[in-house]
Amino acid sequence: MVYKTEDDQFIIHIPPRIVNRIIESAVLARPNEFAGVLVGFFTQDLDAAIITEVLNHCAWTARTRANIDVDIINDKLAEIWEQSKGREFFLGYWHSHPDNEATPTDIDDDNFRFDNIEEPEVFSLIIGRAFSPEDLKVYLYVKDAENKKVDRLSLERV
Ligand SMILES: [Zn+2]
């Protein structure tokens, strides 16, 4: 599946097998939320992100919260980084909204506030309560270093 920003400046490729794994984990965790980490790379001219892997490991989940298992995720990210010779790395997160649409909540946005993210751009995928590929929404949080804020872009499916 391919999504793009409104200004056509940026696209993200999410292979169907990745979408399926997100949906599988979301369904298994229901009625609780679930979350994971997106792995991939940027194309050479930096206008596209390609997702190659998803790491679905939570330390704990609740109805409206899911905390990823940082230890497991970091080990796997290090492994992938090494095996891919630095080509593939962390690109963002996904989480489910078992009771709601795939719209970011205030808490979701707060997770991506300026002091909370290290990378200049972080993707956030949300799978809405219908848990079908059409309910997967893609957001990109972009750090604005000058103004010390983070802008949230919505990507649309093409
Ligand atoms: Zn959320």
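Reading guide: rules and limits
Residues numbered from 1 in each chain as written. Predicted model: local features only at pLDDT ≥ 70, side-chain atom pairs only at ≥ 80, totals over all residues. Helix = DSSP H or I, 4+ residues; strand = E, 2+ residues; numbered from the N terminus. Rg over C-alpha atoms; globule rule 2.2 N^0.38 Å. Buried ≥ 20, exposed ≤ 12 C-beta atoms within 10 Å, placed from the backbone. Contact = placed C-beta atoms within 7 Å. Pairing = 2+ DSSP bridges. Expected span 1.5 Å × (residues − 1). Arc of directions from axis to C-beta.

Bringing the overall build of the protein chain into the picture now. The number of helices and strands found in the protein chain is 3 helices and 10 strands. In sequence order, the secondary structure elements of the protein chain are arranged as β-β-α-β-β-β-β-α-β-α-β-β-β. Over its C-alpha trace the protein chain gives a radius of gyration of 15 Å, about what one expects of a compact globule, namely 15 Å for 158 residues. Projecting the C-alpha coordinates of the protein chain onto the three principal axes gives extents of approximately 40 × 35 × 30 Å. Evaluated residue by residue, the protein chain yields a buried proportion of 28% over its 158 residues. In the protein chain, once contacts between residues fewer than 6 apart in sequence are set aside, the share between residues at least 24 apart is 62%.

For strand E5 (residues 58-62) and strand E6 (residues 65-68), the ladder comprises 4 bridges, and the chain directions are antiparallel. Following the sheet pairing, alanine 62 is matched in E6 by arginine 65. Counted along the chain from E5 to the antiparallel partner E6, the turn is 2 residues long.

Note: α-helices contain 3.6 residues per turn, so residues at a spacing of three or four share the same orientation. Spanning 14 residues, helix H1 (residues 16-29) covers 20 Å between terminal C-alpha atoms, matching the ideal 20 Å at 1.5 Å per step. Of all the positions in H1, only Ile18, Ile22, Ser25 and Ala26 are classed as buried. Looking straight down H1, one finds that the buried residues subtend no more than 100° of arc, so they occupy a single side. In this structure, H1 carries Pro16, Arg17, Asn20 and Leu28 as exposed residues pointing more than 90 degrees from its buried face. Where H1 is buried, its residues meet strand E3 (35-42), strand E4 (48-55), strand E7 (89-96), strand E8 (121-127) and strand E9 (136-144).

What is shown is where atoms sit, not what they do.
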